[in-house]
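# An overview of the molecular structure
Single-letter residue listing:
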Amino acid sequence: MHSSLLLKAAPKTAAETYEAVSRASNEVAGRLAARLTAETCGEVLFSTADRGRYATDASIYQVMPVGVFVPNGAPDVKTALDICRDMGVPIVPRGGGTSQCGQTVGAGLVIDHAKHMRNIIDVDAAHGTAEVEPGIVLDHLNAALRKHGLWYPVDVSTAAQATLGGMAGNNSCGSRSIAYGNMVHNVLGAQAWTSDGNLLQLGVFAGSSGKARELGNYVRTLAEELQPVIHRLWPTVMRRVSGYNLDIFDPRSERPYTADGSVNLAHLLIGSEGTLALTKSLTLQLAELPKAKVLGVVNFPTFYRAMDAAQHIVKIGEGTLTAVELVDRTMIDLSLQNPAFAPTIRSALIGQPAAILLVEFSGASKAELLPHLQRLGELMGDLLLPDSVVEMTDDAPQKNLWEVRKAGLNIMMSLKGDGKPVSFIEDCAVPLEHLAEYTDALTEVFKKYGSKGTWYAHASVGTLHVRPILDMRREGAPKMRAIAEEASELVRKFKGAYSGEHGDGLCRGEWIQWQFGPQINEAFAKIKQFMDPAGLLSPGRMINPPKMDDTRLMRFSPSYKVIPIKTALDWRAWDVQNDPATEQTSAPGSGGDPAQGFAKAVEMCNNNGHCRKFDAGTMCPSYRVTRDEKHLTRGRANTLRLALSGQLEGMNAADAFTSETVKDALDLCVGCKGCRRDCPTGVDMAKMKVEFLHHYKARHGYTLKDKLVARLPDYARWASRLAPLLNLRDKIPGLAALSEKFTGFSAKRSLPQWKRNTFFNTRHAGATREEVLAASKPVVLFVDTFNGTFESHNAASALKVLKAAGYTVHIATKTIADGKHLCCGRTYLASGMVEEAKAKAREVVDALLPFAGRGIAIVGLEPSCLLTMRDEMLVMGLGEAAQTISQHALLFEEFLAREAAAGKLDDLKTRLRAVDQPILLHGHCHQKAFGAVSPIMDVLRLIPGAQPELIESSCCGMAGSFGYEASHYEVSMQMAELSLLPAVRQQPDAIVVADGTSCRHQIRDGAQREAVHLAVLMAQQLRP
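Residues numbered from 1 in each chain as written. Predicted model: local features only at pLDDT ≥ 70, side-chain atom pairs only at ≥ 80, totals over all residues. Heavy atoms only, no water.

Assigned secondary structure in the chain consists of 44 helices and 26 strands. At 30 Å, the chain has a C-alpha radius of gyration in line with the 31 Å of a compact globule built from 1024 residues. Each principal axis of the C-alpha atoms in the chain carries an extent, and together these give about 95 × 75 × 60 Å. Taken over 1024 residues, the chain has a buried fraction of 62%. Intrachain contacts of the chain at a sequence separation of at least 6 include 74% that bridge at least 24 residues. (Helix = DSSP H or I, 4+ residues; strand = E, 2+ residues; numbered from the N terminus. Rg over C-alpha atoms; globule rule 2.2 N^0.38 Å. Buried < 20%, exposed > 50% of the residue type's maximum accessible area, 1.4 Å probe, protein only. Contact = heavy atoms within 4.5 Å.)

Turning to the sheet that holds strand β6 (residues 129-132), a few remarks are in order. Across a sheet, strands are paired by hydrogen bonds formed along the backbone, either parallel or antiparallel in direction. Taking strand neighbours across the sheet as the criterion, the five strands line up as β5-β6-β10-β8-β9 in an open arrangement whose pairing is antiparallel. Edge positions in the open sheet fall to β5 (120-124) and β9 (199-202), since each of these has one partner strand only. Between one strand axis and the next, the sheet turns by 10° as a mean value, whatever way the strands run. Of the pairings in the sheet, the one linking strand β8 (residues 187-193) to β9 comprises four bridges and is antiparallel in character. Counterpart to alanine 190 in the pairing with β9 is leucine 202. (Pairing = 2+ DSSP bridges. Axes fitted to C-alpha atoms, helices over the stretch in contact; angles between N-to-C directions.)

On to the pairing of β8, then. Counting buried residues in β8 gives six out of seven residues, a clear majority hidden from the surface. Pairing geometry for β8 and strand β10 (residues 278-285), over six bridges, is antiparallel. Each bridged residue has a counterpart across the sheet, and for alanine 190 the counterpart in β10 is leucine 282. Counting the residues between successive antiparallel strands, the hairpin from β8 to β9 contains five residues, one of them, glycine 197, with a positive phi of roughly 95°.

This next bit is on helix α29 (residues 735-743). Buried within α29 are the following residues: Ala736, Ser739 and Thr743. The buried residues of α29 occupy one face: seen down the axis, they fall within an arc of 65°. Buried residues along α29 sit against α26 (704-710). Just downstream of α29 lies glycine 744, where phi reads positive at about 85°. (Arc of directions from axis to C-beta.)

Checked against the element boundaries, threonine 258 lands in the loop between α9 (227-233) and β10. With 311 residues separating them along the chain, threonine 258 and leucine 569 place their C-alpha atoms 58 Å apart. In this structure threonine 258 touches Asn264 and His267, once residues within four positions along its chain are discounted. Polar contacts involving the side chain of threonine 258 include one to the main-chain carbonyl oxygen of serine 262, which spans 2.7 Å. (Polar contact = N/O pair within 3.5 Å; in protein donor to acceptor, adjacent residues only side chain to side chain.)

Here the focus is a nonpolar patch on the surface. A cluster of nonpolar side chains, namely Leu722, Leu725, Leu726, Leu728 and Ile732, defines an oily patch on the protein surface of about 410 Å² accessible area. Relative accessible area serves as the criterion here: at 55%, leucine 725 is assigned to the exposed category. (Patch = residues over 30% accessible without salt bridge, like charges linked within 9 Å, V, L, I, M, F, W, Y side chains within 5 Å. Areas by Shrake-Rupley, 256 points an atom, 1.4 Å probe, with all protein chains shown as cover. Salt bridge = Lys/Arg side-chain N within 4 Å of Asp/Glu carboxyl O.)

On to helix α41 (residues 969-978), then. Burial of α41 is extensive: seven of the ten residues sit out of reach of the surface. Residues Tyr969, Val971, Ser972, Met973, Gln974, Met975 and Ala976 constitute the buried set of α41. Residues of α41 that are buried make contact with α20 (621-626), α42 (980-986) and α43 (997-1007).

All right, on to the pattern of salt bridges then. Scanning the entire structure with this criterion turns up 62 salt bridges. Between arginine 474 and aspartate 471 there is a salt bridge, with its nearest N and O atoms 2.6 Å apart. What makes aspartate 471 buried here is its relative accessible area of 16%. Here aspartate 714 and lysine 820 are joined by a salt bridge, their closest N and O atoms 4.0 Å apart. Taken together, the residues aspartate 714 in helix α27 (residues 712-720) and lysine 820 in the loop between β21 (808-811) and α33 (826-830) connect sequence positions 106 residues apart. Classification of aspartate 714 as partly exposed rests on a relative accessible area of 23%.

Purely geometric stuff here, so don't read any function into it on its own.
Set out below in structure tokens:
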């Protein structure tokens, strides 16, 4: 585990904690924080910003907790429970904080289990069971189980961030519940503390004793007394997750809780949302990993017919059917508009269907599954829809289509404007025979209230998610109430369950009595009283819940107000309004945001927690190291939102945005742009940090380090003349330590070596402007400060390769020569000097527009510099000229890959010598964010014998100047050690390719290996 202690100040004493917290909050909070500090080893987080970051989850609600506690292990949880019982402070347990109904927000002490309580206690592969702590993430568990040929099959779409404790609390389901059931069907036992401090061992009732036996007897008596009412009112659909599982002694679900008919007391906790006990561990029933899968994609001319067909499809497959998932026309259209997904979705379509169903069969071999695909086609013929099935038997197309299914919702959630798809009735479950009628009727309800919904998810079990678009700042709450009431009548009419997957929480707690009636609701209250007599655990959830439309509990409460700021970058694209019925948005800048669109961009974070994932990609490397909510994209967005809306207590609203609190939250953002690519709602924290730094530095001033980084392009040519002198810093003992005190650059880090002879002060045989404009194969080479000053051989190699490929190459220069080179402004942006960056960008636009206007490619070497032309340069007020340049700005590898695909590099390929060494590729973060890694692989494969391997890594940890800074050195190295450096060390004979200047430096410092730019490798392999 990577410790984040280096990021924190020394722990306060209990007395100091009491004094600080009580002064900032209240007496109770002060005493609670003091006791937690003195009696536990966990993190005690009671600042306004920390509390605010835990005041929301993926729902529409916001409730400020009294404080946050991050336990170091199970003993800390028990101690915190004892302290809270002594003081009468409620407890709100939390995992990933991704609940959609407000389950993990509350006014008590939030206990975050996800950071440390995430261990696998035991795996019994022979019996197919595992015991885990509640904070472990589903994907992490399944990754560990894979070597045993096992998995935990409750495969929720949020598997990359959902914790098992949270899944148990919600009784989560997943796409394949028709085959494997819900959480309740896959939990064998639990250890949990009740609020009086007793640790219950919950499992098979017949073998229970002590307090667990008493609990079982009590629940059985309640159930027996209410048996007639339960039989009359209890929903019999499998996807009923509301209330407590009072029916464990007489299961009403269409799928029994246990395979052998036994009663398991652990099932009382499943779906209880933290209101009955605090989970210490869960014992899970595992399943064998499917050895083979096939997919049939059924195309339907109408949405109604798709819904009507589901009841027939689920009857085929002879036990091999594992999923029937819906993608409606809106989702299809959104996917077709995305270049990354369009080819995949097109491969699944026949004509222009109104909806498709993804029908999956799993088994021992594809051969035994193919007849089921054939039967699916025959069934569609019987339903008068012949030739409507696209068969997918290969694994890759299936995987790609499932990714599109997930991505469609993400695109829908990125709708700009105050109207957002709101989760409150999205998982009502109805019997399959009524599914078509229900969806038809609910669509009419949306129309009645001026909204529309997009349908997706689990047709196999009658749970179709739908989120009507509502403006929760204005009339959203009353419309939500009206739609919910009409939806509830439809659910009652069709004998369904009002809560079929995402639980009750603040959003649906009040509907429990509506669903079950007063007698069963009273029995739920008695179970709560029996297990939690002090009423400490998540009060106001399930029992005595608030009204769902109480705006005082909402993120955008009536008092919510954004402070006005004048932005440095252009955020007007976010400052819009939208029409809930058509999803059409108004003109940029017309949304009424006092922060000129910046606040609305920040508010796009809906806390879905996708940034918590640890799989391949670039997402939030600082969170991967620290596991701190503060250093998570979501945590940063929440901090910004709190500041911009004046919710940071103790601060003047106008000063909060430029406060040290916000600076601390953004300090470890390395600008990797992983969130730009991976965040479902498009939160670009790297760009937001630039905006913040502009305002923060304007108030607090620039340090020497800021100026040295930002103005590097301006003083580089003068510094090159002093290369021998400046390079002494890394050669004479003590100089590095001395310079650290003045510059802030770590003495543990070597600095880039200056050269007297650079690409910029050396003559090169490049074409003139006139020659390249007249050439048949023209290209413009943009050489950045780093490759032109410190690693000139990279630029020279690129020039050599482009000329060898037959291109007329012009080296970009300023329109008016002043002895300086062109600069994109990247270094200025990194220090918050936006106006200086704009000046540099204008020079680039002036110099490159004549070429871009003629369609000539602008080719660059440094990803962060070249891609600035496709990103920040578009929000600097440079108009259509910047747009034109962005359309023709390509990285070296992107250009070569494009030209190779067009058959223009045949001559170059014949000149490339074979390579017999392994090739490892580390992608720069910005290459990953802009989808520019695949082109490098394509170009490497042009070299005979090359078999490049991509290192699955996040940020290398350098991130421009970040890793050079003394305050960030340790974190930088921890980032590198997550995957990059170990992968490089494992293959000592491999050629390591890394196009980022800082990436190469990190590899040199951390692994003592010389990585090369792609251009250098290509040039080395050229025959004379």
